[in-house]
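Okay, here's what each chain looks like letter by letter:
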Amino acid sequence: MKHQITLLAFLACTLQIFAQNNCVLNQNEVIISVLTDNYPNESSWELVDAYSGTVYLEVPQGGLANGTVYSDTICTNLVSCLVFTIYDSFGDGICCGFGQGSWEVMMNGELVATGGEFAHSQSISFNCVEGFSCTSAEVVSEGINQSSFDDHWYEFTPDTTGIFTISTCGTNTCDTEIWIYDDCGNALIDETNAGTIYYDDNEGGCSEQAVVTATLEPGITYFIRIGDADDDCPGAINWELTYVGPVIGCMDPTACNYQPLATVDDGSCIFPGDPDCPDGPDLLMREDVLAASIYLASLNNGDACAVSEGCLQGYGNRDIIRFTTHIQNIGNVDYYIGPPTAESDQFTFDNCHGHWHYDGYAEYILYDDNGLALPIGFKNGFCVIDLECSGGGSPSYGCGNMGISAGCGDIYSSGLSCQWIDVTDVPDGRYTFVTRTNWDFAPDVLGRYETNHTNNWAQVCILLDRSSGTLQFSLDDQCDPFIDCSGEIYGSAQPDCTGECQGLTLMGDLDENGSQEMVDAQGYVTLLLGDDISPTSCNDLNADNAITVYDAALMSSCLNYGGAHWHPDGGAHNHCNFPENIENINDTVTLSIINANFEEQYIDIGIYNPDNHVVAYQFEMGGIMIENVENLIDPVQYPITPQSVPGDYRVIGISYDDSLIMKSNIVKPLCRINYLSNSSDTICLEAIIDIVNDNYETVITKIENGCVDIPVSTDIENIENDWNVGVDPNPFSESTRLHWDNPNHQSFNIDILSMDGKVIARYRNIQANEIEINGKGLSKGMYLFRLQNDDEVYTGKMIIQ
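Residues numbered from 1 in each chain as written. Predicted model: local features only at pLDDT ≥ 70, side-chain atom pairs only at ≥ 80, totals over all residues. Heavy atoms only, no water.

Let us now look at the overall build of the protein chain. Within the protein chain, the regular secondary structure consists of 5 helices and 53 strands. Taking the principal axes of the C-alpha coordinates as reference, the protein chain spans close to 115 × 80 × 50 Å. Put simply, the protein chain has 801 residues, and 51% of those count as buried. Partitioning the contacts of the protein chain with sequence separation of at least 6, the portion at a separation of at least 24 is 65%. (Helix = DSSP H or I, 4+ residues; strand = E, 2+ residues; numbered from the N terminus. Buried < 20%, exposed > 50% of the residue type's maximum accessible area, 1.4 Å probe, protein only. Contact = heavy atoms within 4.5 Å.)

Strand order in this open sheet of 3 strands is 21-24-31, and the pairing throughout is antiparallel. Bordering the open sheet on either side are strand 21 (283–285) and strand 31 (409–412), each of which pairs with just one other strand. In this sheet, neighbouring strand axes are inclined to one another by 15 degrees on average, regardless of whether the strands run parallel or antiparallel. Looking at chain direction, strand 24 (residues 325–329) and strand 31 are connected through 4 bridges and run antiparallel. Note on strand 31: the bridge partner recorded for I327 is D410. (Pairing = 2+ DSSP bridges. Axes fitted to C-alpha atoms, helices over the stretch in contact; angles between N-to-C directions.)

Time to look at unusual backbone geometry. The linkage connecting F578 with the following residue, P579, adopts the cis geometry, with an omega of -5 degrees. Within the secondary structure, P579 is located in the loop between strand 37 (572–573) and strand 38 (583–597). Cis geometry marks the peptide bond from D728 to P729, where omega comes out at 0 degrees. Note that P729 resides in the loop between strand 47 (726–728) and strand 48 (735–739).

Taken in spatial order, the 4 strands make up an open sheet running 50-49-52-53, and their pairing is antiparallel. Edge positions in the sheet fall to strand 50 (759–766) and strand 53 (793–800), since each of these pairs with one other strand and no more. If you compare each strand with its neighbour and ignore which way they point, the axes differ by 15 degrees on average. In this structure, strand 49 (residues 748–753) lies alongside strand 50, joined through 5 bridges in antiparallel fashion. Counterpart to F748 in the pairing with strand 50 is I766.

This next bit is on the state of the cysteines. Scanning all chains against the criterion turns up 14 disulfides. Covalently, C134 is tied to C184 through a disulfide, its sulfur atoms 2.0 Å apart. Its S-S torsion of approximately -90 degrees makes the covalent link between C134 and C184 left-handed. Linking C134 in the loop between strand 9 (121–126) and strand 10 (138–139) with C184 in the loop between strand 14 (176–181) and strand 15 (198–200), this pair joins segments that are 50 residues apart in sequence. For C134, a relative accessible area of 8% corresponds to the buried category. Given the relative accessible area of 23%, C184 is considered partly exposed. One disulfide bridge connects C684 with C707, the sulfur atoms lying 2.0 Å from each other. (Disulfide = S-S within 2.5 Å.)

Taken across its 5 residues, strand 42 (residues 650–654) has 5 buried, putting it largely inside the fold. Judged by which residues are buried, strand 42 turns out to be covered on both faces: R650, I652 and I654 on one side and V651 and G653 on the other are all buried. In this sheet, strand 42 lies alongside strand 40 (residues 614–622) in antiparallel orientation, the contact comprising 5 bridges. From the neighbouring strand, F619 faces strand 42, where its bridge partner is V651.

The grouping of E191, E208, D230, D231 and D232 at the surface amounts to a negative patch. By the secondary structure assignment, E208 is in the loop between strand 15 and strand 16 (211–216). Classification of E208 as partly exposed rests on a relative accessible area of 37%. (Patch = residues over 30% accessible without salt bridge, like charges linked within 9 Å, V, L, I, M, F, W, Y side chains within 5 Å. Areas by Shrake-Rupley, 256 points an atom, 1.4 Å probe, with all protein chains shown as cover. Salt bridge = Lys/Arg side-chain N within 4 Å of Asp/Glu carboxyl O. Lys, Arg positive; Asp, Glu negative; His and termini not counted. Charge placed at Lys NZ, Arg CZ, Asp CG, Glu CD.)

It is worth spelling out the environment of N38 at this point. Topologically, N38 is positioned in the loop between strand 2 (27–35) and strand 3 (43–49). Of the residues examined, N38 reaches a relative accessible area of 18% and is grouped as buried. Put simply, N38 and P443 are 405 residues apart on the chain and 50 Å apart in space, counted from C-alpha to C-alpha.

Time to look at the packing of aromatic side chains. Taken as a whole, this structure holds 19 aromatic pairs when the rule is applied. Ring geometry for Y51 and F132: centres 6.0 Å apart, planes at 90 degrees, overall edge-to-face. Taken together, the residues span a long stretch of sequence, with Y51 in the loop between strand 3 and strand 4 (55–59) and F132 in the loop between strand 9 and strand 10 at a distance of 81 residues. Overall, Y51 belongs to the partly exposed group, its relative accessible area being 41%. Here F132 falls in the partly exposed class, since its relative accessible area comes to 21%. Consider the rings of W457 and Y490, whose centres lie 4.7 Å apart with planes at 20 degrees: the pair is stacked. (Phe/Tyr/Trp six-rings, centres within 6.5 Å; stacked < 30°, edge-to-face > 60°.)

Here the focus is helix 5 (residues 549–561). An α-helical segment advances 3.6 residues per turn. Residues three or four places apart therefore align on the same side. Here helix 5 contains 13 residues, and its C-alpha end-to-end distance of 18 Å stays within 8% of the 18 Å for a straight helix at 1.5 Å per residue. Where burial is concerned, most of helix 5 is hidden: 10 out of the 13 residues are buried. Looking only at helix 5, the buried set comprises V549, Y550, D551, A552, A553, L554, M555, S556, S557 and C558. Looking at the buried residues of helix 5, the elements they touch are helix 4 (518–529), strand 40, strand 42, strand 44 (682–693) and strand 45 (698–704). With a side-chain oxygen lying 3.1 Å from the backbone nitrogen of Y550, the N-terminal cap of helix 5 falls on T548. Just past helix 5, the residue G562 takes up positive phi, approximately 75 degrees. (Expected span 1.5 Å × (residues − 1). Polar contact = N/O pair within 3.5 Å; in protein donor to acceptor, adjacent residues only side chain to side chain.)

Now the structure itself:
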């Protein structure tokens, strides 16, 4: 049973527990202890038997206290392979920062592991057979091996640079697969090649068996995973690791046939000017593979990485079109990319999914019938390898040293993550879908240019139709080559936001000076509050036919972060790819009235944002005319001045730099609204227009405690009046009788108010001449009552003692 204890008590209990195992002899005692951080409702964890699927412990998200140790003692079977996984929905782990947390796992009194520094999840396996996981991989050497179960992990560290083959050919009849990784952190257990540096499933030339030819380096530990496709192998899988020999070739980098992977020079070097010099690489995008593989699918997205990288355009249920990208080098020279490092200008590291992206590999674009590229495109290229050599080449390149050998090709299959375009918000119609490689005609890292660029492009024409109530997808066989707005086949010329081909008008350039500047972002707020701006194709940055603080925030993010911003906890994001309109349905922000001072005429607004940081907000008030607004957030954290116009009802707060309202699991003061006058007896937080999170997405918004009633003067006495209103008894303890003259049985409404103006009880459509007021549960003190019909209002005091 889970129990909540303080840290000191936990330590004391732990010593006592270790002194005596509470489980029976044929069981292991596992103690899992988690010290939550300041955001405990982001955390959840579980303990599962990987062999049987038994869930020994499951702590769901929500309902946890911050800075608290939760400890569970579980008795497991001796042979259980146990996997402990802890999750953080925000993606920043629990260990590092204010209110640090941690976790530890003990088994039979011994520490198994501890942690807390992770992104979205952290997992460990223990008490498992050798080879069950990447972290418990079985050490292997050259020779014949036999895996005793599917997804058997091995580790191999070569002692020399050379070519190795890993093969299941010859001794198996079932459909096998081979995965090779260079890092357990990137080892994803699925049927695709995601995270691998080498991989094969039926492309190695050995029927349904797999074979990988890899160039491996000494001193590096490689993780080999042997398995089957779709559980096709019921028993053991035989496989062999063989050293083929060194990489032989020309080692002179000035030669036109230079082999960058060679470690032994074979004397074959020839130099520019020699008629035998090869022509160069030639990358071909396989249009037939694109057309044959494309299909409509759907998924439910909760992954912020997919949005920040540009794979998806939103959260929740998404309609996607999946396809396979197959690129071949049909030239007579390798297209060499090289190792992915920070020193190379051809790569960018993706912190979100933990791998490098080759910047020029494959781009996916959707054009409408007017040739306009829709802002749903995506650039893919986490790894470029020799996955097949159907053109007669010899496989040489993997993710550690990328390229495509002459006569070989690389394949991104339709089952891979991000191997799609998101058409959820694309209107019905006909579109040209394009996949292209090396679109900027760049040479490889050795300076070798392609001999032909016309085949770097593949396209299909697609039809989207929702007239039946659900999205239908089909291909249009009449698909002429794409022509850009300048008339060039496969060209990249695009109209600007005014529709002029290759025009110079920029979206968001409000002062029309030819550049996007911070004064433009600030201009959105100024013009908005002055009612001097209407949405157009050039200023409506999220294309919602309205101008709000979100447009100002999008312009600010473009200027601060540019077109290739790598988030600390996310992937690449083009902050200038307009229009952009993403609502994060996983983030909720609540605003409320937390304080009211009617004598000094101000209202304090509070914010509750437990899921996300906030960069900007816009809301409207009702019942008052605003004088000015003050920032109540710590100015070191969020140094802004909220903006309004005297006599207006709108409030806008925005940071034009990188300052944020940090997420908080308690309501905290946001801003103070000083008002000139009130136009109603009730002041309300009328509407939230937009709240923008730190990924420049809008969020779900709520209003709680959104209204307060302005009380009557506290100096009012129970004076005689035409209605002869009275309270008897007054003061009272449990109940009293409010009475008045009502000979014609008119309808009255009665409100009971606290002294700060909050309504605590309402009585409606009373046609009698008295009513009992129940004071049970109310604190002692003075209260106000308000009695009114359609024509007049009487107020008075009552006291609970």
